[in-house]
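Working through the structure, step by step
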Amino acid sequence: MPRILAVLSLTVLLATTGCSSLRFPGVYRIDIPQGNFVTEEMLGELQPGMSPEQVRYVLGAPTLVDPFTPDQWFYLMTYRPGKGDNVSQQIVLHFENGSYSHHEGEVIEDFRKKTSSQQDRELQRKLDERKQEETSPEPAPATQQPAPDPETLPQEPTDPGQPAA
């Protein structure tokens, strides 16, 4: 009976740890991006008076259009990296009389830095250093001395018993 209880409790423990939010060392977790990421350049292309079709062309389809407030479009984004902190962004577009008027919300500053792991940043730094080394001017080669003329070198005797000339 005690063995059955131990096996049953171990099984329950293993089953619940798979559902937990605990992060075990050595376990790989994938990055999970959800929603639409909007950049500062994309928002810069928006002009008041644009039609909804033009806005959709620039930003893509909104993540959420509330049926009770159709004059507001929501561009939501959540990024859950395998390692690191969650990053989220919320941009709300407002329309008046069927055309774009303004937006609310802030774009994530330096998205790549916030979502890449320490190892990815280190690899990128090494790549940048390598590119910089390749593009930097190479030092001039060291001056080489000309090879001596074989006729001016003293010659060794060919016969060991014969003195050198």
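From a predicted model like this one, the values you see are computed outputs, not experimental measurements.

1. What about a nonpolar patch on the surface?
Judged by side-chain polarity, Tyr28, Ile30 and Ile32 come together as a nonpolar surface patch covering roughly 360 Å² of accessible area. Inspection of the secondary structure puts tyrosine 28 in the loop between helix 1 (2-17) and strand 1 (32-35).

2. Some points on the nonpolar core
In this structure, Leu46, Val55, Leu59, Tyr75 and Leu93 are the most contacted members of the largest nonpolar core, which totals 15 residues. At the level of secondary structure, the elements contributing two or more residues to this core comprise helix 2 (40-45), helix 3 (52-59), strand 3 (72-80) and strand 4 (87-96). Contacts of leucine 93, omitting those with residues within four sequence positions, involve Leu46, Val55, Leu59, Asp71, Gln72, Trp73, Tyr75, Tyr100, His102 and His103.

3. Re the pattern of salt bridges
All chains considered together, the criterion is met by one salt bridge. For arginine 125, the salt bridge is made with glutamate 129, and the minimal N-O distance between the two is 2.3 Å. Here arginine 125 and its partner glutamate 129 are both found in helix 5 (residues 118-135), four residues apart, which amounts to about one turn of the helix. Given the relative accessible area of 37%, arginine 125 is considered partly exposed.

4. Comments concerning the packing of aromatic side chains
Here a ring pair, both rings aromatic, is described through the centre-centre distance and the interplanar angle of the planes. The full count for this structure, using the stated rule, is two aromatic pairs. For the ring pair tryptophan 73 and phenylalanine 95, a centre distance of 4.7 Å and an interplane angle of 55 degrees mean the geometry is tilted. With tryptophan 73 in strand 3 and phenylalanine 95 in strand 4, this pair connects stretches of sequence that are 22 residues apart. Overall, the relative accessible area of 6% leaves tryptophan 73 in the buried class. On the basis of relative accessible area, phenylalanine 95 is assigned to the buried category, the value being 6%. Ring centres of phenylalanine 95 and tyrosine 100 lie 6.3 Å apart, and the angle between their planes is 75 degrees; on these two criteria the pair is classed as edge-to-face. For tyrosine 100, a relative accessible area of 5% gives the class buried. A network of ring pairs unites the aromatic residues Trp73, Phe95 and Tyr100 as a single cluster.

5. Description of the environment of threonine 135
Within the fold, threonine 135 resides in helix 5. A relative accessible area of 65% places threonine 135 in the exposed class. Here glutamine 132 takes part through its backbone oxygen, which lies 3.1 Å from a polar atom of the side chain of threonine 135.

6. With respect to a negative patch on the surface
The grouping of Glu40, Glu41, Glu45, Glu106 and Glu109 at the surface amounts to a negative patch. By the secondary structure assignment, glutamate 45 is in helix 2.

Rules of the game
Residue numbers restart at each chain and count upward from 1, following the sequence in its written direction. Given that this is a predicted model, residues contribute local features only at a pLDDT of at least 70 and side-chain atom pairs are listed and counted only at 80 or more, while totals for whole chains, interfaces and linings are drawn from all residues. The side-chain numbers reported here are obtained from all heavy atoms of the structure, hydrogens and water having been left aside. Candidate patch residues must exceed 30% relative accessible area and have no salt bridge, after which like charges are joined if within 9 Å and Val, Leu, Ile, Met, Phe, Trp or Tyr side chains if within 5 Å. Residue-level accessible areas treat just the shown protein chains as cover; the underlying method is Shrake-Rupley with a 1.4 Å probe. When a carboxyl oxygen of Asp or Glu is within 4 Å of a side-chain nitrogen of Lys or Arg, the pair counts as a salt bridge. To qualify as a helix, a DSSP run of H or I must reach at least 4 residues; to qualify as a strand, a run of E must reach at least 2; elements of each kind are numbered from the N terminus. We define the nonpolar core as a collection of buried residues of types Ala, Val, Leu, Ile, Met, Phe, Trp, Tyr and Cys that are connected through side-chain atoms lying within 4.5 Å of one another. Summary of the burial criterion: residues with accessible area below 20% of their type's maximum are buried, those above 50% are exposed, and those between are partly exposed, where the area comes from a 1.4 Å probe applied to protein chains only. We call two residues in contact whenever any of their non-hydrogen atoms come within 4.5 Å of each other. Each aromatic pair joins two rings of Phe, Tyr and Trp (for Trp, the six-membered one) with centres within 6.5 Å, and gets the label stacked for planes under 30 degrees apart, edge-to-face for over 60, and tilted for any other angle. Counted as a polar contact is a pair of N or O atoms within 3.5 Å, where, for protein atoms, one must be capable of donating a hydrogen and the other of accepting one, and residues adjacent in sequence contribute only when both atoms are in side chains. The sign given to each residue is positive for Lys and Arg and negative for Asp and Glu; His and the chain ends receive no count. The atom standing in for a charge is NZ when the residue is Lys, CZ when it is Arg, CG when it is Asp and CD when it is Glu.

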